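# Tertiary structure, described
Below are the chains, spelled out letter by letter.
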Amino acid sequence: MQKIVILALMGFACAAQAERRPQRERAQTQDGEPGQFDYYAVALSWSPTFCAKRNDPGQCASGRQLGFVLHGLWPQYANGYPQSCSTAPLPAAVRAKYAPLFPSPGLIGHEWPKHGTCSGLEPAAYFELSAKLKGQVNIPPAYRQPGAPVRASNADFVQAFKAANPGLPANALLPFCSDGGRFLQEAHACFDKGGAAQSCGAKEIRRSAKSCGQDSFLMPSVR
């Protein structure tokens, strides 16, 4: 009888854990409602790192010399982010007009359904805001189109952006690295819903520090 009671208790515990797990996962990425989020993150990919492992003809053709490129404008929660908030379509005319915002023509078709639908904006307004907020981020001269690889520490990287963007709040610009912190992958600049720079969420700050945890990282040169 004692064994039966123990097994039953274990079963209840497993069931409760299984019920809690989806709730935690939803808090990170799921069940978003259009317009219900805390702030925006402008994700700027470092194109040379992307192209070191991928051969996207739209982005990685020799001679393009792309540095930071728009990955997307992402609605964020204070902890996690929503995604795929509706099935609203991306009109062909909007796609054609705003596709040049991105380094590769196909990227706009990914960003709208996953992130744009969570903004609460119509497609044209969402991509217009994407262009506006991207344009508000001044890239430091040393990081625009370096002809040789650049090595930087996390602190040096952030300080360079602060110098190029006076008044930038603390933790409003975060680097993210790949390959165990060896290479810069992208930078995120955070804005409130009114378009003013603000600190990114605590979870993103921790994730940035963890991903770029080495003493320095490398920014491969443009090509």
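## Thoughts on the state of the cysteines
Here the structure, examined in full by the defined rule, presents four disulfides. One disulfide bridge connects Cys190 with Cys200, the sulfur atoms lying 2.0 Å from each other. Its S-S torsion of about 100° marks the bond between Cys190 and Cys200 as right-handed, since a negative value means left-handed. Pair noted here: Cys190 is in strand E5 (residues 183–191) and Cys200 is in the loop between E5 and helix H8 (202–211), with a separation of ten residues, a long-range link. Under the relative-accessibility criterion, Cys200 is labelled buried at 6%.

## Looking at helix H7 (residues 154–164)
When we look at burial in H7, the residues that qualify are Phe157, Val158, Phe161 and Ala164. Buried positions in H7, seen along its axis, are confined to an arc of 125° and lie on one side of it. Within H7, the exposed residues directed more than 90 degrees away from the buried face are Ala155 and Ala163. Among the structural elements, strand E2 (68–76), strand E3 (150–152), strand E4 (173–178), E5 and strand E6 (217–219) are those in contact with the buried residues of H7.

## Some points on the pairing of E5
Buried residues dominate E5, accounting for seven of its nine residues. One ladder, built from six bridges, connects strand E1 (residues 39–46) with E5; its direction is antiparallel. Across the sheet, residue Leu44 finds its bridge partner in E5, namely Ala187. In this structure, E4 lies alongside E5, joined through six bridges in antiparallel fashion. Residue pairing in the sheet places Pro175 in a bridge with Ala187 of E5. Between E4 and E5, which pair antiparallel one after the other, the connecting turn spans four residues, and Asp179 there sits at a positive phi close to 55°.

## Focus: helix H6 (residues 123–135)
In this model H6 runs 18 Å from its N-terminal to its C-terminal C-alpha over 13 residues, within 8% of the 18 Å that 1.5 Å per residue would give. Those residues of H6 lying buried are Pro123, Tyr126, Phe127, Leu129, Ser130 and Leu133. Buried residues in H6, looked at end-on, bunch into an arc of 155°, giving them a common side. On the buried face of H6, the contacting elements are E1, E2, helix H4 (92–98), helix H5 (107–114) and E5.

## Side note on the side chain of Ser211
Its location among the elements puts Ser211 in helix H8. Within polar-contact distance, the side chain of Ser211 engages the backbone oxygen of Ser208 at 3.2 Å. Once residues lying within four places of it in the same chain are set aside, the contact partners of Ser211 are Pro175, Phe176, Cys177, Gly180 and Gly181.

## Some details on the nonpolar core
By size, the foremost hydrophobic cluster in this structure holds 37 residues, and its most contacted members are Phe68, Phe127, Tyr143, Phe157 and Met219. Counting six residues, the second largest nonpolar core, distinct from the first, contains Tyr39, Leu174, Phe176 and Cys200.

## A closer look at the environment of Ala202
Of note, Ala202 is situated in helix H8. Considering only alpha carbons, one finds Ala202 and Gly80, 122 residues apart in sequence, at a separation of 9.7 Å.

## Thoughts on the environment of Cys51
Tracing the sequence through the fold places Cys51 in helix H2 (residues 47–53). Among all residues touching Cys51, those that are not within four sequence positions of it are Gln59, Cys60 and Arg223.

## A closer look at the pattern of salt bridges
For the structure shown, the criterion picks out two salt bridges. The salt bridge partner of Glu204 is Arg207, with a shortest N-O separation of 2.9 Å. You can see Glu204 and its partner Arg207 sitting in helix H8, three residues apart, about one turn around the helix.

Procedures and definitions
- Residues numbered from 1 in each chain as written.
- Predicted model: local features only at pLDDT ≥ 70, side-chain atom pairs only at ≥ 80, totals over all residues.
- Heavy atoms only, no water.
- Disulfide = S-S within 2.5 Å.
- Helix = DSSP H or I, 4+ residues; strand = E, 2+ residues; numbered from the N terminus.
- Buried < 20%, exposed > 50% of the residue type's maximum accessible area, 1.4 Å probe, protein only.
- Arc of directions from axis to C-beta.
- Contact = heavy atoms within 4.5 Å.
- Pairing = 2+ DSSP bridges.
- Expected span 1.5 Å × (residues − 1).
- Polar contact = N/O pair within 3.5 Å; in protein donor to acceptor, adjacent residues only side chain to side chain.
- Core = buried A, V, L, I, M, F, W, Y, C linked by side-chain atoms within 4.5 Å.
- Salt bridge = Lys/Arg side-chain N within 4 Å of Asp/Glu carboxyl O.

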